[in-house]
Amino acid sequence: MAEFQVGRKAAARTPVVGAPLLSVRDLSVTFPQRGGDPVRAVRGISYDVHAGEFLGIVGESGSGKSVSSLAVMGLLPSSAEITGAIEFEGRSLLGMGDNELSRIRGAELAMVFQDPLSALTPVYSVGDQISEGLRLHDSSLSVQAAHARAVELLKIVGIPDAERRARAFPHEFSGGMRQRAMIAMAIANDPKVIIADEPTTALDVTIQAQILEVLETAREITGSAVVLITHDLGVVAGHADRVGVMYAGKLVELGTTDEVFHEPHMPYTIGLLRSVPNMLTAGTQRLVPLEGRPPSLSALPRGCPFAPRCPVAINACRDIEPELIDHDPGSVPPHVSACIRAGEIARGDLPRVEVFPRPEPLPQEERAQTTDAPVVRVTDLVRHFPLMKGSIFPRRIGTVRAVDGVSFTLQAGRTLGLVGESGCGKTTTILEIMEMVAPQGGKIEISGKDVGELGKGARHALREDIQIVFQDPMGAIDPRLPIGEVITEPLWVAGKPKAERDKRVVELLELVGLDPAMADRYPHEFSGGQRQRIGIARALSTNPSIIVLDEPVSALDVSIQAGIINLLEDLKDRLGLSFLFVAHDLAVVRQIADDVAVMYLGRIVEQGPIAEVFNEPRHPYTKALI
């Protein structure tokens, strides 16, 4: 079905022949808890990986993806209880001692970790760390030969001036370069299987594409198989031969990428796919959120773990947990799914569009009326930072032009998307707006008032009209306060009486889709999506007309992301809000924004209505992003 395409390129599928390189059978991982029920992080999963194959494993956070990969690598803590079988080229990995495993790790089985800065040693140069891995597995290799090979590997993964960069330390590399160095280290000894655990999660879209191309190149050069663990379905769609979907510690669907994306049999997979913004249809129809949250792995419900969130669950779903069954006998390799109603979905008796129906937009009569007046006008904004050297006698050796002549206008009732790679000046721009002081250069007007000419009282009053929602809600709210006080803290600062604050808490929690009875709970008791709703409620507390959204959904699973995006769209229409939306995910921006401004190296290189910029980009950088 075309609706489930996620903008993927045609991938050459690797034929599955012969015995598998890696075979996982009935793998379970349990973590005992002192004074509590054990956490069953992985529950009886089985899959094979063949030579040259690209297998994608997807699912929400906490589904057991990373734990299963760490079990394969033998990197789980000693307290973990592991059962089942893991065989690599016919050898049982679970029965090996650490010394024997160490000879396989890095040489035949390699891993690319999610956070390269934590995985790399900060006190050794990148070149030395790659050389160390080479010499550990080949004692005949000289120091000079290992260094030369390390430089060659850095060139292969696309790091410029590799000879010089090999002598640099991890903190001197950007995020994308560190991830490239990790891949260079993983492929150093020509491994047969590379496991990549969320290798692109924290990276910009352009860097994501480059890292995935590097993984593809590594597969071609070494002939290795790749297991890619991610929650980004778009990443998997363009590269994987087969896809496994995990939920609550189990595989719930497994098949070729084409089958899983075009004809999913499991309602959870259907929900995931319908919650992803699609570049082709974004902005024309609402996303489909997956309501609820995954179950606790220490207290799993009886029956199918997905049943409480499944709109087509029947009574039998709550009694029996289904096993993986092939409902399409003609598929090779088999397309299996774990759902009592998978047969109905496969036959078409239960249409996929009816499993997770698309929410209706807000009725026209409930939408606020707005004017076309500009609410934020930024003209030739400049923010430069001096580049200093020396601690005792510091001297200026250059200038960082973080924002260098930026101009844009945000109109009432509209959303302006500010997009670009990390370091392009997006965050500096919005912080200049929120600071409300005279900028180094240029002019900032909010609600028709020049912030450089405001007195203290006028500036304080204007702050109520513009609020911000941060990327990390836990980093922006006080964990020691119950959420009722967190949400109304701006009202307390404004001197509002307690009775008014208490009444406002109930209104705001209902507005963002949370139970007002939760007002006495603390932030750590909420999921990531719920915490972001708390951040949005806090921003709405002063009845602002402008909200700045700094990457509000980038850290969330796609299923939760859809609910937050729908919520923001409803709030904008119902309250007549204006959004300045900062993001690097172009599909999300196209879904929610009316206008877009593309930033590069401190300047806006293209801006205009979202449809025009996306359909007919004029600047080469915009074309590269899209």
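Everything that follows concerns the structure shown earlier in this document.
Figured I'd write up the structure that's included with this text. (Residues numbered from 1 in each chain as written. Predicted model: local features only at pLDDT ≥ 70, side-chain atom pairs only at ≥ 80, totals over all residues. Heavy atoms only, no water.)

What follows covers the packing of aromatic side chains. Inspection of every chain in the model, using the stated rule, returns five aromatic pairs. Between the aromatic rings of Tyr268 and Phe306, the centroid separation amounts to 5.3 Å while the plane-to-plane angle is 65°, which identifies the pairing as edge-to-face. On the criterion of sequence distance, the pair formed by Tyr268 in helix H11 (residues 267–274) and Phe306 in the loop between H11 and strand S11 (325–326) is long-range, its members being 38 residues apart. The exposure class assigned to Tyr268 is buried, which follows from its relative accessible area of 0%. Aromatic side chains Tyr600 and Tyr621 sit 4.4 Å apart centroid to centroid with 35° between the ring planes, which places their arrangement in the tilted category. Remark: Tyr621 occurs in helix H23 (residues 620–625) and Tyr600 occurs in strand S21 (residues 595–600); sequence separation between them is 21 residues. Residue classification places Tyr600 among the partly exposed residues on the basis of a relative accessible area of 34%. Three or more aromatic residues joined by ring pairs make a cluster, and in this case those are Tyr247, Tyr268, Phe306 and Phe356. (Phe/Tyr/Trp six-rings, centres within 6.5 Å; stacked < 30°, edge-to-face > 60°. Helix = DSSP H or I, 4+ residues; strand = E, 2+ residues; numbered from the N terminus. Buried < 20%, exposed > 50% of the residue type's maximum accessible area, 1.4 Å probe, protein only.)

Side chains of Phe385, Leu387, Ile397 and Val400 sit close together on the surface and give an oily, nonpolar patch of about 320 Å² of accessible area. For the nonpolar patch, the secondary-structure elements that each account for two or more residues are strand S13 (374–389) and strand S14 (395–411). Summarising the element assignment, Ile397 is placed in strand S14. (Patch = residues over 30% accessible without salt bridge, like charges linked within 9 Å, V, L, I, M, F, W, Y side chains within 5 Å. Areas by Shrake-Rupley, 256 points an atom, 1.4 Å probe, with all protein chains shown as cover. Salt bridge = Lys/Arg side-chain N within 4 Å of Asp/Glu carboxyl O.)

Here Val252 shows up in strand S10 (residues 250–256). A relative accessible area of 8% means that Val252 is categorised as buried. In this structure, the C-alpha to C-alpha distance between Val252 and Ser131, residues 121 residues apart in sequence, is 41 Å. Residues within four places of Val252 in sequence aside, it is in contact with Val245, Tyr247, Met266, Tyr268, Leu324, Val336, Ser337 and Ala338. (Contact = heavy atoms within 4.5 Å.)

Let us look at unusual backbone geometry. Phi at Ala248 takes a positive value of approximately 50°, unusual for a residue other than glycine. Checked against the element boundaries, Ala248 lands in the loop between strand S9 (242–247) and S10. Positive phi values are uncommon outside glycine, yet Ser447 reaches one of about 50°. Counting through the fold element by element, Ser447 comes out in the loop between strand S16 (441–446) and strand S17 (449–450).

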